[in-house]
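Close look at the chain arrangement
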Amino acid sequence: MNDASGMKGMNGLNGLNGEEGGTRVSFPSAGGRKASFPVRGADLTPMHPFSSVEGAIAAIDALDRGLREFELSVSDSLQDYLGVQMAQITDRALARGWEPISFMQKNGFRRYRFKAMRRA
C-alpha cells in the first residue's frame, strides 16, 4: 500500500487478516439473536498480530458498530511497561462501544476479546 492512492493513514493495515494484524469478529444474526457458531477457543483463520498501535486502531475503526464481539491479536512488542500502547488501543474500542473481557497469551502475542457494551 505504498502507492499514491491516498491511503497514507492505512500503511499498517493490509486487511483484517493481512500481514499486519488480525481481527476475528462475531456478526449479529438476523433478528438480533445470538449467532450459534462458537468463536471462543476456535482458531478459524490464521491471525497475524498487529505490531503497531496505528494498525490496531485502524482495524477497530473499520469494524461495524453492530458487532457483538471481536478478537484482536496484538504483538508482545506492544506490551510496554506502563501499558500505554494497549491503553490507546483499548480506549478506541471503548469509544466505539466495545469493552475488553479477556485475553489469551499466545506465542509472541496476546489475543484480546472485546464485547459490545450494554446500552442503558
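Structure: above.
Residues numbered from 1 in each chain as written. Predicted model: local features only at pLDDT ≥ 70, side-chain atom pairs only at ≥ 80, totals over all residues. Heavy atoms only, no water.

1. Looking at the pattern of salt bridges
- Across all of its chains, the model carries three salt bridges by this definition.
- Between Arg92 and Asp61 there is a salt bridge, with the nearest N and O atoms lying 2.5 Å from each other. Here Asp61 lies in helix α1 (residues 53–62) and Arg92 lies in helix α2 (residues 84–95), a separation of 31 residues in the sequence.
- The class of Asp61 is partly exposed, set by a relative accessible area of 34%.
- Residue Glu71 pairs with Arg113 through a salt bridge whose shortest N-O separation is 3.9 Å. Here Glu71 is found in strand β2 (residues 69–75), whereas its partner Arg113 is found in strand β4 (residues 109–116), with 42 residues between them in sequence. Here Glu71 and Arg113 have matching classes, each one buried.
- A network of salt bridges, in which partner residues are shared, links Glu69, Glu71 and Arg113. (Salt bridge = Lys/Arg side-chain N within 4 Å of Asp/Glu carboxyl O. Helix = DSSP H or I, 4+ residues; strand = E, 2+ residues; numbered from the N terminus. Buried < 20%, exposed > 50% of the residue type's maximum accessible area, 1.4 Å probe, protein only.)

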